[in-house]
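Inside the fold
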Amino acid sequence: MSNMKFLVVSGIVVAALATTPLFIANSVDKKVEETKAMLEMHGLKQEIVSKSGYLSSTRTFSLEVVDAQKVRDFLLDSLVAKNPQYKLFAQSMKTQSKEEINEALNGIRFNGEMTNSNLLPSDIKVSLALVALSTSLQNELVQEKAAADAILPLLSRGVFAADMVFGSDEKLKFFKLKDIKEQLKLDDVTLNLDMSNQVLDLNENGGMINGKAAIGKQAIGLQAEGINFSSTLDNFIYGFSYKDDLNNKGDLSIDKYAFILQEPYATTKFSLGAIQATSSVEEVAKVLHVKADYALSAIDFSDRTDTIAIEKLGIKLLLDGINSDTMKKIQKDYNALLLSGGAGTPDKVIIDDFVALINSGVNITLNVATQNITGLITLKDIGFDMTFSLPKNSYTDQQSPLELMTLLDITSRIKIHKDDKKTLEELSGSTPEMNYGRAEGDFFIYDVVMQKGEVNVNGKAIQ
């Protein structure tokens, strides 16, 4: 009897496992239909072309823009729903008329493929490839054979494509543009594209979005009559955590960037050896703390008249003391003023907001350091540290802005290499203040203090 029970239970389990893919596949089918209806409401037409697979399902589909205005408004409204501070930006993007945007974008079509497991709820992989331009552009290509011969083969090969991964919660987790290495020739214009490893990783947890955007290589070249342009970016990586505008942080690095613009009578060049940068905004006990740290190296710029090179440039910024509620009110009132065209929030409200910001006080520390500047001027090593301190105060808009100077305390230290001091004196002439410097090794140090509107350098008053 026990054996019979075992066989019955085993049979039920096997049957359940066997039918699980059917239930999950049907569930996904239902979701696909719901998504299709939602897309149609917002200007996109989706058609499922085929479906295959049992343990996993693969669906091929097409996606076409049939009402670009609805697509635009849906995307912008979704952005504002999650980030109200972008309301002004969204409104500015809606200024183009329905007729204009529909003519420009209607008819754009993508072919896609979606794959999901039917065993357990899992990530969904989606790929999209651009296969048709807007109807208006396609009609123009009919009349322009050379352009059609250059562009249409790229679309037929699915050159402009992306792969995506969505979690079981339907949120985007991964996005990667297809690597491109193409040459496009049209009349006397040649466009070269070489792009690889362009990805975006996202992970949302508890309202915090953690992500990483990366570009392995992005090289763009354009040759035309009288113009030769190239832009190259190597190893761009940006990691970030984002909750809102007042709580976020980022970490950026770039190995190399360069561009060259050659014209008949001039050549402009710019290159950057590397960038390392970190920044953060944090709201703690209704007070904002802002930090930024930038380190740049091998900066070179030249054009027909000027040349400048900087071996190293470092910038650090620390800002704290700003009341976050006051900052939010300024942003809200300013946006309301712009959105109303000046007919809503009166200017007096904005003025009161900024006075409240001044009253709350602020501390700012700025550090700048350079090494080996050559070109228009040659300097070995110059740097300065500066701190601005505005304590809490009762300043009003009825007072002169100059009265703020009596509230502001500034302390700074300027470090100048002895050879750079000579260079600056040769350019602008020696001044009494330049002679107030305190020698320390190969440098002159200037401690500058301003309190209650009075300034002194290394303890000596400046009149």
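This one's a predicted model, so the numbers in the text were calculated from it and none came from an experiment.

Time to look at the pattern of salt bridges. This model, assessed by the stated rule, comprises 21 salt bridges. For the salt bridge of Asp442 with Lys418, the shortest nitrogen-to-oxygen distance reads 3.5 Å. You can see Asp442 sitting in the loop between strand S18 (438–440) and strand S19 (443–451) and its partner Lys418 sitting in helix H9 (residues 418–428), a full 24 residues away along the chain. Judged by its relative accessible area of 37%, Lys418 is partly exposed. In this structure, Lys421 and Glu425 form a salt bridge, with 2.7 Å as the shortest nitrogen-oxygen distance. Placement of both Lys421 and Glu425 in helix H9 is noted, with a separation of 4 residues, approximately one turn of the helix. Judged by relative accessible area, which is 10%, Lys421 ranks as buried. Beyond isolated ion pairs, a larger network of salt bridges with shared partners links Arg413, Arg438, Glu440 and Asp447.

This next bit is on the pairing of strand S13 (residues 287–302). In this structure, strand S12 (residues 266–284) lies alongside S13, joined through 15 bridges in antiparallel fashion. Pairing of Thr278 across the sheet is with Asp293, part of S13. The hairpin formed by S12 and S13 contains 2 residues between the paired strands, and Ala285 there has a positive phi angle of roughly 50°. Two strands pair when backbone bridges link them, and S13 and strand S14 (residues 307–323) are joined in this way by 15 bridges, in the antiparallel orientation. Pairing of Ile299 across the sheet is with Ile310, part of S14. The hairpin turn running from S13 into S14, its antiparallel successor, is 4 residues long.

The rules behind each value
- Residues numbered from 1 in each chain as written.
- Predicted model: local features only at pLDDT ≥ 70, side-chain atom pairs only at ≥ 80, totals over all residues.
- Heavy atoms only, no water.
- Salt bridge = Lys/Arg side-chain N within 4 Å of Asp/Glu carboxyl O.
- Helix = DSSP H or I, 4+ residues; strand = E, 2+ residues; numbered from the N terminus.
- Buried < 20%, exposed > 50% of the residue type's maximum accessible area, 1.4 Å probe, protein only.
- Pairing = 2+ DSSP bridges.

So, to be careful, I would describe these as geometric facts and stop short of saying anything about function.
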